[in-house]
Amino acid sequence: MKQCVKKIWNIVSTVLVALIVILAIALVGVRIVGIKTYAVVSGSMEPVYPTGSLLYVKSADAQDLKVGDAITFMLDEDTVATHRIIEILPDEEDESVIRFRTQGDANDTADGTPVHCKNIIGKPLFSIPYLGYFAHFVQNPPGLYLAIGFAVILVILVFLPDLLGDSKKKKDKKLRKKGEAAGQK
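All figures in this text were calculated on a predicted structure; none of them were measured in a lab. (Residues numbered from 1 in each chain as written. Predicted model: local features only at pLDDT ≥ 70, side-chain atom pairs only at ≥ 80, totals over all residues. Heavy atoms only, no water.)

**What about the overall build of the protein?**
1) Next: Within the protein, the secondary structure is distributed over 3 helices and 7 strands.
2) Next: Residues counted as buried form 27% of the 185 residues belonging to the protein.
3) Next: Restricting the contact set of the protein to residue pairs at least 6 apart, pairs at least 24 apart contribute 53%.
4) Next: For the protein, the accessible area works out to roughly 12,900 Å², and carbon and sulfur atoms hold 63% of it. (Helix = DSSP H or I, 4+ residues; strand = E, 2+ residues; numbered from the N terminus. Buried < 20%, exposed > 50% of the residue type's maximum accessible area, 1.4 Å probe, protein only. Contact = heavy atoms within 4.5 Å. Areas by Shrake-Rupley, 256 points an atom, 1.4 Å probe, with all protein chains shown as cover.)

**Thoughts on the sheet that holds strand β4 (residues 80-90)**
1) Next: Ordered by their spatial adjacency, 7 strands build an open sheet running β1-β2-β7-β3-β4-β5-β6, and the pairing between neighbours is antiparallel. On the outer flanks of this sheet lie β1 (35-39) and β6 (115-116), each paired with one strand and no other.
2) Next: As defined by bridge partners, strand β5 (residues 98-103) adjoins β6 across 2 bridges and the pair is classed as antiparallel. Of the residues in β6, the one forming a bridge with Phe100 is Val115.
3) Next: Contacting β1, β2 (54-58) and β7 (120-128), helix α2 (residues 131-138) crosses the sheet at an angle of about 85 degrees to β2. (Pairing = 2+ DSSP bridges. Axes fitted to C-alpha atoms, helices over the stretch in contact; angles between N-to-C directions.)

**Observations regarding the pattern of salt bridges**
1) Next: Scanning the model with the defined rule gives 4 salt bridges in all.
2) Next: With a closest N to O distance of 3.5 Å, Asp69 and Lys66 form a salt bridge.
3) Next: Between Asp69 and Lys123 there is a salt bridge; the shortest N-O distance is 3.7 Å. Placement of the pair is Asp69 in the loop between β2 and β3 (70-74) and Lys123 in strand β7, with a sequence separation of 54 residues.
4) Next: Salt bridges sharing common partners tie together Lys66, Asp69 and Lys123. (Salt bridge = Lys/Arg side-chain N within 4 Å of Asp/Glu carboxyl O.)

**Regarding the pairing of β7**
1) Next: Summarising the sheet, β2 and β7 pair through 5 bridges and their orientation is antiparallel. Paired with Lys58 across the bridge in β7 is Lys123.

**Notes on the environment of Leu54**
1) Next: Position of Leu54 relative to the elements: it lies in strand β2.
2) Next: On the accessibility criterion, Leu54 (1% relative accessible area) is buried.
3) Next: Sequence separation between Leu54 and Ala26 is 28 residues; the distance between their C-alpha atoms is 9.3 Å.
4) Next: If we skip the residues at most four places from it in the chain, Leu54 touches Ala26, Leu27, Thr37, Tyr38, Ala39, Phe126, Ser127, Ile128, Leu131, Gly132 and Ala135.

**Brief notes about the pairing of β2**
1) Next: For β2, a buried count of 4 out of 5 residues is recorded, marking the element as mostly surrounded by other parts of the structure.
2) Next: Where β1 lies against β2, 5 bridges are found, and the strand directions are antiparallel. When the sheet's bridge partners are listed, Tyr38 is paired in β2 with Leu55.

Such coordinate-based values are descriptive only and should not be taken to indicate function.
Take a look at the structure:
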């Protein structure tokens, strides 16, 4: 019975650790290769990027963008948006500067102000539905604390049985050695 529980626990803990590693790579590890992640918080780009999706964005040069491309950009200092380019406009004062008129796929009208080329973050590569909800949750204090606590508890539970098992084996070994030494006298 004890061995069966131990085998089941090993399988469950292995699956949980693998899941955490996959989530860590999906949420943070992609930054190593220059991909940024953003949670989709509005329905302006549905059905292509549904609300709650996690959007993976790779930087792009403004000169390489064309009408029809979806772009992720800084809407203001605190807000990131992803909309589709519907028109490319040269700046009225400086023709070397490009501006992009954008519109969400689900929106009836174009965005009010054209996007300056300096505000472009990049082009979305792909999205994973629903993962944005989780990413948003663990990136803010209550969820962050819960995620850290869960990871610590999981690590303890994964390694604790092995540590306790080793110390019990060492005790048994010491007792056997004492018994053998007492028997030799």
